[in-house]
Structures are given as C-alpha cells and as structure tokens.
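# Working through the structure, step by step
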Amino acid sequence: MAGVMARRVRLGWLAWTLLGVSVVLSVLSMAVPAFVDHPLTTERGEIRLYLDVIEEGNLPTWWSTGLLVLGALVHCCTAAAAWGPARREAWAWLGSAALLVLLSLDEHTQLHERLDRVGRELVTYESFPFYWLLPGLVIGAAVVLALALLAGRLRGPARWCCIAGCLLLLGAALGGELLQGVLLGSGETGVGYVLTYHAEELGENIGALLMVAAAVQALRLTRSDHGVEISYAS
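Residues numbered from 1 in each chain as written. Predicted model: local features only at pLDDT ≥ 70, side-chain atom pairs only at ≥ 80, totals over all residues. Heavy atoms only, no water.

### Quick word on the overall build of the protein
Stated precisely, the cut-off is as follows: Starting at the N terminus, helices and strands are each numbered in turn, a helix being any DSSP run of H or I of at least four residues and a strand any DSSP run of E of at least two. Residue burial is assigned from relative accessible area. The probe radius is 1.4 Å, only protein chains are included, and a residue is buried under 20% of its type maximum, exposed over 50%, and partly exposed in between. Residues are treated as being in contact if the distance between any of their heavy atoms lies within 4.5 Å. A 1.4 Å probe and the Shrake-Rupley method give the accessible areas. Residues count as covered only by the protein chains that appear here.
The number of helices and strands found in the protein is eight helices and three strands. For the protein, the proportion of its 234 residues judged to be buried stands at 44%. Sequence-distant contacts, at least 24 apart, represent 65% of the contacts inside the protein between residues at least 6 apart. Summed over its atoms, the accessible surface of the protein is roughly 12,900 Å², and 68% of this surface lies on carbon and sulfur atoms.

### With respect to the confidence of the model for the protein
Short version of the rule: Per-residue confidence from the predictor is given as pLDDT, running between 0 and 100.
Here the protein averages 80 in pLDDT, and 82% of its residues register 70 or above. At the level of individual helices and strands, the protein shows its lowest average pLDDT in strand 1 (residues 4-8), which scores 57, and its highest in helix 3 (residues 59-82), which scores 93.

### Brief notes about helix 7 (residues 156-185)
Convention followed: One less than the number of residues in a helix, times 1.5 Å, gives the span that helix is expected to have. The reported bend at a residue is simply the angle between two axes, fitted to the 7 residues ending at it and to the 7 residues beginning with it.
In a regular helix each residue adds 1.5 Å, so 30 residues correspond to 44 Å; helix 7 covers 43 Å between its end C-alpha atoms and thus fits that length. Of all the bends in helix 7, the largest measures some 25° and sits at Gly171. Just beyond helix 7, the residue with positive phi is Gly187, at close to 85°.

### Looking at the nonpolar core
To keep it simple, the criterion reads: The criterion is simple. A nonpolar core is a set of buried Ala, Val, Leu, Ile, Met, Phe, Trp, Tyr and Cys residues joined through side-chain atoms within 4.5 Å.
Among the nonpolar cores identified, the biggest contains 26 residues, and Trp93, Leu147, Leu150, Leu154, Cys162 and Tyr232 are the most heavily contacted of them. At the level of secondary structure, the elements contributing two or more residues to this core comprise helix 3, helix 4 (87-109), helix 6 (133-152), helix 7 and helix 8 (191-217). Counting residues in each nonpolar core, the second largest holds 10 residues, with Leu18, Leu100, Ala208 and Leu209 among its members.

### A closer look at the packing of helix 7 against helix 8
Put simply, the rule reads: Axis lines are fitted to C-alpha atoms, over the contacting stretch for helices. Their N-to-C directions set the angle, which ranges from 0 to 180 degrees. Should an angle lie under 35 degrees it is considered roughly parallel, over 145 roughly antiparallel, and from 65 to 115 roughly perpendicular; all remaining angles are considered oblique. Crossing handedness is read from the near helix: turned anticlockwise from the far helix by less than a right angle, it gives a left-handed crossing, and turned clockwise, a right-handed one. Three categories are distinguished: nonpolar for Ala, Val, Leu, Ile, Met, Phe, Trp, Tyr, Cys and Pro, charged for Asp, Glu, Lys and Arg, and polar for the others, with Gly belonging to the last.
Their axes nearest at 7 Å, the elements helix 7 and helix 8 cross at an angle of 165°. By the angle class used here, helix 7 and helix 8 are roughly antiparallel. The chirality of how helix 7 crosses helix 8 is left-handed. Tallied by class, residues from the contact of helix 7 with helix 8 come to 21 nonpolar, eight polar and three charged.

### Digging into the pattern of salt bridges
Quick reminder of the rule: A pairing counts as a salt bridge when a side-chain nitrogen of Lys or Arg comes within 4 Å of a carboxyl oxygen of Asp or Glu.
Scanning all chains against the criterion turns up one salt bridge. Two residues, Arg48 and Asp52, come together in a salt bridge whose shortest N-O distance is 3.1 Å. In this structure, Arg48 and Asp52 share a single accessibility class: buried.

### With respect to the packing of aromatic side chains
For clarity, the threshold we go by: Side-chain rings of Phe, Tyr and Trp (the six-membered ring for Trp) are treated as a pair once their centres are within 6.5 Å; stacked means planes under 30 degrees apart, edge-to-face means over 60, and tilted covers the remaining angles.
Taken as a whole and judged by the stated rule, the model has three aromatic pairs. Between Trp62 and Trp63 the ring centres are 6.4 Å apart and the planes differ by 50°, which places this aromatic pair in the tilted class. On the accessibility criterion, Trp62 (57% relative accessible area) is exposed. On the basis of relative accessibility, which here comes to 16%, the residue Trp63 falls in the buried class.

### Re the packing of helix 1 (residues 13-35) against helix 3
Put simply, helix 1 and helix 3 touch, their axes get as near as 10 Å, and they point 160° apart. As summarised for this structure, helix 1 and helix 3 are arranged roughly antiparallel, according to the angle between their axes. Judged by the twist between their axes, the crossing of helix 1 over helix 3 is left-handed. Side by side, helix 1 and helix 3 meet where Leu18, Val21, Ser22, Leu25 and Ser29 of the first sit next to Leu59, Pro60, Trp63, Leu67 and Leu70 of the second. Of the residues that constitute the contact of helix 1 with helix 3, the class distribution is eight nonpolar, two polar and no charged.

### Some points on the environment of Glu204
As for its placement among the helices and strands, Glu204 is situated in helix 8. On the basis of relative accessible area, Glu204 is assigned to the buried category, the value being 10%. Sequence separation of Glu204 and Gly176 is 28 residues, and the distance between their C-alpha atoms is 9.8 Å. In this structure, Glu204 is in contact with Glu107, Leu169, Ala172 and Ala173, ignoring residues within four places of it in sequence.

### Brief notes about a nonpolar patch on the surface
Applied cut-off: Each patch is assembled from residues with relative accessible area greater than 30% and no salt bridge, linking like charges that lie within 9 Å and nonpolar side chains (Val, Leu, Ile, Met, Phe, Trp, Tyr) that lie within 5 Å.
Together, Trp83, Trp91 and Leu94 line one region of the surface with nonpolar side chains, adding up to about 310 Å² of accessible area. Turning to its location among the elements, Trp91 is positioned in helix 4.

### Focus: helix 8
In a regular helix each residue adds 1.5 Å, so 27 residues correspond to 39 Å; helix 8 covers 38 Å between its end C-alpha atoms and thus fits that length. A large share of helix 8 lies buried, amounting to 19 of its 27 residues.

Next comes the structure, spelled out in structure tokens:
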C-alpha cells in the first residue's frame with residue numbers, strides 16, 4: 001500500500017524573506033535621507049525620491065503593491081482548492097482576493113487621496129489635511145465586514161492570521177493616516193511624522209503577509225508514492 005503523509009502548507013523561509021525585505025526597505029527609506037549627506041539623497045535628490053515612501057512612484061510602494069497582489073493570487077488559489085469541498089468558503093476567498101486587488105490598486109495609484117474632495121464636502125475643518133479619511137472609514141468598514149465573514153468560516157491558524165492581517169492592514173492604513181493628519185495639522189513634520197508614516201507602511205506590509213499566511217494555512221499538502229496533491233484543509 002502506498003504511504004501517504006498529509007500536512008498543512010507552510011510559508012517557512014519565504015515568509016521570513018518577504019518580511020525581511022519589507023523591514024530593509026523601511027529602514028533604507030528612513031536612514032538614507034537622514035544619514036547620507038549627498039545631493040542625491042537629500043531634498044529633491046533622485047535617490048531620496050526613489051526610496052522615501054512619502055513620495056510618489058517609490059520603491060517601497062512598489063513592494064507593498066506586490067505583496068497585496070501576491071495575497072490576491074494566493075487567495076484565488078485557495079478559492080480554487082475550496083471550490084469543490086466548500087463552495088461558500090470559496091466565494092469568500094474570491095471576495096477577499098478582490099478586496100486585496102482593490103487595495104493594491106489604491107496603493108499603486110493613490111486612489112484614496114482622490115477621495116479628498118469628497119471629504120472636504122462633508123466637513124470644513126481646514127487644519128486637518130486628510131479629508132479622504134471620512135469616506136475612507138466607510139470603505140474600511142465594508143472591507144472589515146467582508147473579511148470578518150471570511151474569518152468566521154475559517155478555523156485554527158487560518159482564522160487568526162486572517163483576523164490579525166485584516167486588523168493590521170486597515171489599522172495601519174487608517175490609523176497611520178489619521179495620526180499623520182493630526183501631526184501635519186499641528187505643524188509637525190519632523191522625526192515623529194517620519195516615524196509615523198514608515199510605521200504605517202511597515203504595518204500594512206505585515207498585514208498583507210498575514211493575509212497571505214491565512215490563505216496558505218487553509219491548504220493541505222498530501223505526499224504519497226504517486227506524487228503531491230494540494231487540497232483545501234480549513
């Protein structure tokens with residue numbers, strides 16, 4: 001009789017590598033402009049603009065977009081594995097994949113900042129610079145509800161990774177922008193402000209990695225004499 005060994009899929013070294021790259025990019029974004037005194041790394045220098053996450057079209061934002069796209073792809077794969085044995089959960093995984101795609105689009109195109117005019121129509125408190133947070137909170141609540149429905153259908157590590165990933169991803173995005181708005185409104189653009197937006201970016205990256213881990217934890221790898229099979233486990 002052929003021997004069979006089944007276990008949940010693990011990210012292992014890949015997860016640590018992705019996390020390590022996120023941390024390195026965050027440190028470079030802070031350290032190069034602060035400690036390298038060169039025209040290319042200070043003020044409007046090209047290296048500073050390329051590494052500093054606060055600028056548009058930078059390397060850390062590209063990396064964040066890639067992590068969200070990776071999460072969407074893995075969630076789609078998990079949905080495909082769940083399609084036969086757990087059709088309702090498969091739809092939930094597809095929904096979370098769609099949300100991650102939208103978040104990656106927002107990260108790459110700064111779609112949320114284009115909601116600023118909507119926020120300005122709702123309030124007139126001029127000293128707060130991030131009016132997009134007002135409609136953004138509504139959108140964030142919808143995302144939380146959708147991912148909560150997914151987490152409610154999961155068990156074990158997959159559930160907790162999904163919950164933690166959702167809370168960290170949206171908490172860092174909305175909470176970080178809110179704090180930055182308060183700091184800018186009070187005229188603070190120094191070290192505290194820089195640390196805040198880097199903490200936001202790193203928190204979003206870790207949240208995206210947890211969402212990837214949630215989908216991977218819902219898969220089972222079965223090895224036998226006839227080969228390897230991936231199936232839905234959660």
